[in-house]
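# Architecture and fold: a report
Here are the chains, one letter per residue:
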Amino acid sequence: MAIVAAILVGLEGLGIVALTIWQIGALLAGDTESLTSALALLVLSGLGATAVLAFAVAIWRGQSWGRSGGVVTQLLILAVAIGAVTGAYAHPATGVALAVPALVALVLLILAIRSAGGAARTGSEAPPE
């Protein structure tokens, strides 16, 4: 469970890396209205990608902070997915494409958290996944 969750969170992190690279291209091409906003978004995207990739590595290693960060990440992705399917410029396919992997990762993370919690209560190591 945790390994698959780590892989999904890692893929999400790579998706943010791709978004950051796209933003760099847009910035270099002059396809931005505000240089200040573009740079701020670029920095935030880079920080977000770094954090999500760090969560993936921590989940892989069985560290609780990675699972916690992974859960928060999935909830944020689900919020973006809901925004994508509603409003004047709704794109339901985009919302579904964001929501499905986030829901799968969220369920796997919750199962991994339960498994780690059960192992901690019994004083044993978490079962292999």
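Residues numbered from 1 in each chain as written. Predicted model: local features only at pLDDT ≥ 70, side-chain atom pairs only at ≥ 80, totals over all residues. Heavy atoms only, no water.

## Some remarks on the overall build of the chain
Within the chain, the regular secondary structure consists of four helices and zero strands. Ordering the α and β elements of the chain from the N terminus gives α-α-α-α. Projected onto its principal axes, the C-alpha coordinates of the chain cover approximately 60 × 30 × 15 Å. A separation of at least 24 residues holds for 62% of the contacts in the chain among residues at least 6 apart in sequence. Put simply, the chain shows about 7,900 Å² of open surface, and 73% of that area lies on carbon and sulfur atoms. When the 4 basic and 5 acidic side-chain charges of the chain are each reduced to a single mean position, those positions are 20 Å apart. (Helix = DSSP H or I, 4+ residues; strand = E, 2+ residues; numbered from the N terminus. Contact = heavy atoms within 4.5 Å. Areas by Shrake-Rupley, 256 points an atom, 1.4 Å probe, with all protein chains shown as cover. Lys, Arg positive; Asp, Glu negative; His and termini not counted. Charge placed at Lys NZ, Arg CZ, Asp CG, Glu CD.)

## Looking at the environment of Ala93
Mapped onto the fold, Ala93 is located in helix H4 (residues 92-122). Of the residues examined, Ala93 reaches a relative accessible area of 62% and is grouped as exposed. In sequence terms Ala93 and Ile77 are 16 residues apart; their C-alpha atoms lie 14 Å from each other. (Buried < 20%, exposed > 50% of the residue type's maximum accessible area, 1.4 Å probe, protein only.)

## As for a nonpolar patch on the surface
Residues Ile7, Leu11, Leu14 and Trp60 make up a contiguous nonpolar surface patch of roughly 440 Å² in combined accessible area. By residue number, the principal contributor to the nonpolar patch is helix H1 (residues 2-29), which donates three residues. Residue placement: Ile7 occurs in helix H1. On the basis of relative accessible area, Ile7 is assigned to the partly exposed category, the value being 44%. (Patch = residues over 30% accessible without salt bridge, like charges linked within 9 Å, V, L, I, M, F, W, Y side chains within 5 Å. Salt bridge = Lys/Arg side-chain N within 4 Å of Asp/Glu carboxyl O.)

## Here we look at the packing of helix H3 (residues 64-85) against H4
For the pair H3 and H4, interaxial distance at closest approach is 8 Å and the crossing angle is 160°. Between H3 and H4, the angle falls in the class roughly antiparallel. The handedness of the crossing between H3 and H4 is left-handed. Within the contact of H3 with H4, the residues separate by chemical class into 21 nonpolar, four polar and one charged. (Axes fitted to C-alpha atoms, helices over the stretch in contact; angles between N-to-C directions. Parallel < 35°, antiparallel > 145°, perpendicular 65-115°, else oblique. Left-handed = near helix turned anticlockwise from the far one by under 90°. Nonpolar A, V, L, I, M, F, W, Y, C, P; charged D, E, K, R; others polar.)

## Thoughts on the nonpolar core
Counting 20 residues, the largest nonpolar core has Ala5, Val9, Ile59, Leu78 and Leu109 as its most contacted members. With residues near it in sequence (within four places) discarded, Leu78 still touches Ala99, Ala102, Leu103 and Leu106. (Core = buried A, V, L, I, M, F, W, Y, C linked by side-chain atoms within 4.5 Å.)

## Points about the side chain of Thr73
Considering the arrangement of structural elements, one finds Thr73 in helix H3. By relative accessible area, Thr73 is classed as buried at 9%. Setting aside its immediate chain neighbours within four residues, Thr73 contacts Glu12, Val52 and Phe55.

## Structural notes on the packing of H1 against H4
It is the contact of H1 with H4, at a shortest axis distance of 9 Å, that shows an interaxial angle of 140°. Relative to H4, the element H1 lies oblique. The element H1 and its partner H4 pack so that their crossing is left-handed. Residue-level contacts link Ala2, Val4, Ala5, Leu8, Val9 and Glu12 of H1 to Pro101, Ala102, Val104, Ala105, Leu108, Leu109 and Ala112 of H4. Class assignment for the residues of the contact of H1 with H4 results in twelve nonpolar, no polar and one charged.

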